[in-house]
Each structure stands twice: as structure tokens, then as C-alpha cells.
Amino acid sequence: MTCLEPAILYFEDDTLSREVMEVCLKRGLGYRNVTIFADSADFEARIAGLPVKPDVIFLDIHIEPIDGFAMLKTIRQHAVYGRTRVIALTASVMNEELKLLRDAGFDGVIAKPLDFDTFPTTLRRILNGEQVWHVK
């Protein structure tokens with residue numbers, strides 16, 4: 001982590017999923033350095049414009065206009081963000097998609113909807129550098 005409180009970035013186009021993550025991170029865990037974007041348009045400039053480099057980036061896989069796989073590829077090529085932990089969030093957790101996510105270079109996956117009971121422990125593991133493939 002770059003500071004005592006982690007900086008978390010989430011790209012998600014589903015309103016309910018954004019609200020659930022925000023409630024979990026801000027109210028549940030008390031984090032303040034949380035940024036949530038509702039789409040992936042111009043995502044490179046938006047990441048670069050953040051006041052603090054994110055410790056973890058959560059990507060919805062089926063976000064538009066640029067999907068999570070394409071976003072990850074760009075992030076991995078970036079000098080500043082290339083080694084940032086990037087976790088896929090998806091409702092599609094079939095074995096073939098898990099293989100695609102691993103092969104693409106994600107540091108893990110969390111199935112949607114988020115599980116309020118297990119998410120804090122899962123996030124702690126991610127921030128400690130573990131790969132987490134949490135599909136329930």
C-alpha cells in the first residue's frame with residue numbers, strides 16, 4: 001500500500017453494484033480514498049488525474065465503452081500503474097472465463113454481487129499482495 005489507508009478505484013457501469021461497493025468500502029470499512037467511475041470512457045486520463053495512485057483497481061469486465069480486458073491491457077503497459085493490483089469483478093464466473101481472466105493478467109476475481117461478510121477479508125488479502133480468485 002502507498003499509504004495507511006488504501007486508495008481504491010472501481011470502474012462499474014451497473015448502478016446497484018457501484019452503490020454496494022461504495023457502502024461496503026466507505027460505510028462498512030470506513031475508507032475515504034475511494035473513487036468509482038460509472039463507465040470506462042477516457043479511463044487513462046481519469047486514472048492519471050487521480051490525486052493518489054490507486055493501491056487496487058477493480059474492473060467490471062463487461063463495462064462500456066472499453067471492456068475490462070482492454071482496460072487491463074492498457075493499465076499493464078503503463079509505467080506508473082503497470083504493477084498495480086487489478087481485480088476483475090464479474091457475474092460471469094464460469095471456468096472458461098476464470099481461465100481468460102488469469103491468462104489476461106488479472107491479479108484475481110471477485111464474483112458479483114459482493115458478499116458483505118467475506119469482502120473485507122478478501123480486500124485485506126488483495127492489499128497484502130495475494131492473488132484472490134473468490135468465486136464463492
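What counts, and at which threshold
- Residues numbered from 1 in each chain as written.
- Predicted model: local features only at pLDDT ≥ 70, side-chain atom pairs only at ≥ 80, totals over all residues.
- Heavy atoms only, no water.
- Helix = DSSP H or I, 4+ residues; strand = E, 2+ residues; numbered from the N terminus.
- Rg over C-alpha atoms; globule rule 2.2 N^0.38 Å.
- Contact = heavy atoms within 4.5 Å.
- Areas by Shrake-Rupley, 256 points an atom, 1.4 Å probe, with all protein chains shown as cover.
- Lys, Arg positive; Asp, Glu negative; His and termini not counted.
- Charge placed at Lys NZ, Arg CZ, Asp CG, Glu CD.
- Patch = residues over 30% accessible without salt bridge, like charges linked within 9 Å, V, L, I, M, F, W, Y side chains within 5 Å.
- Salt bridge = Lys/Arg side-chain N within 4 Å of Asp/Glu carboxyl O.
- Core = buried A, V, L, I, M, F, W, Y, C linked by side-chain atoms within 4.5 Å.
- Buried < 20%, exposed > 50% of the residue type's maximum accessible area, 1.4 Å probe, protein only.
- Pairing = 2+ DSSP bridges.
- Right-handed = clockwise from strand over helix to strand, strands pointing away.
- Arc of directions from axis to C-beta.
- Polar contact = N/O pair within 3.5 Å; in protein donor to acceptor, adjacent residues only side chain to side chain.

Here we come to the overall build of the protein chain. Within the protein chain one finds five helices and six strands. The C-alpha radius of gyration of the protein chain comes to 13 Å, within 12% of the 14 Å expected for a compact globule of 136 residues. For the protein chain, contacts bridging at least 24 residues in sequence account for 68% of all contacts bridging at least 6. For the protein chain, the exposed area adds up to about 7100 Å²; of that, 52% sits on carbon and sulfur atoms. Placing the 16 positive and 20 negative side-chain charges of the protein chain at their respective mean positions leaves the two points 6 Å apart.

A word on a negative patch on the surface. A contiguous patch of negative charge, built from Asp13, Asp14, Glu19 and Glu64, is present on the exposed surface. For Asp13, the location among the structural elements is in the loop between strand E1 (8-11) and helix H1 (15-28).

Before going further, it helps to spend a moment on the nonpolar core. Membership of the largest hydrophobic core comes to 21 residues, with the highest contact counts inside it found for Phe11, Leu59, Ile75, Leu101 and Phe106. Looking at this core, the elements with two or more residues in it are E1, helix H2 (43-48), strand E3 (56-60), helix H3 (68-76), strand E4 (85-90) and helix H4 (95-104). Discounting residues that sit within four places of it in the chain, Phe106 has contacts with Leu59, Ile61, Gly68, Phe69, Leu72, Arg76, Val86, Ile87, Ala88, Leu101, Gln131 and Trp133. In terms of nonpolar packing, the next biggest core, distinct from the first, is built from 18 residues, Ile8, Tyr31, Phe58 and Val132 among them.

A few words now on the pairing of strand E5 (residues 108-111). Alternating residues of E5 divide into Gly108 and Ile110 and Val109 and Ala111, and every residue in both groups is buried. Bridge analysis of E4 against E5 gives four bridges, and the strand direction is parallel. Within E5, the residue paired with Ala88 across the bridge is Val109. One crossover worth recording links E4 to the parallel E5 by way of H4, and it is right-handed.

Residues of H3 that are buried: Gly68, Met71, Leu72 and Ile75. Seen end-on, H3 carries its buried residues on one side only, within an arc spanning 100 degrees. Looking at the packing, one finds that the buried side of H3 touches E1, H2, E3, E4 and H4. The backbone nitrogen of Phe69 lies 3.1 Å from a side-chain oxygen of the residue at the head of H3, namely Asp67.

For the bond from Glu64 to Pro65, the omega torsion is 5 degrees, close enough to zero to count as cis. Following the sequence through the fold, Pro65 ends up in the loop between E3 and H3. The residue after Lys112, namely Pro113, is reached through a cis peptide bond having omega 0 degrees. Mapped onto the elements, Pro113 comes out in the loop between E5 and helix H5 (119-127). Residue Asp42 is not a glycine yet carries a positive backbone phi of 55 degrees. Residue placement: Asp42 occurs in the loop between strand E2 (34-37) and H2. Asp42 gets classed as exposed once you look at its relative accessible area, which sits at 55%.

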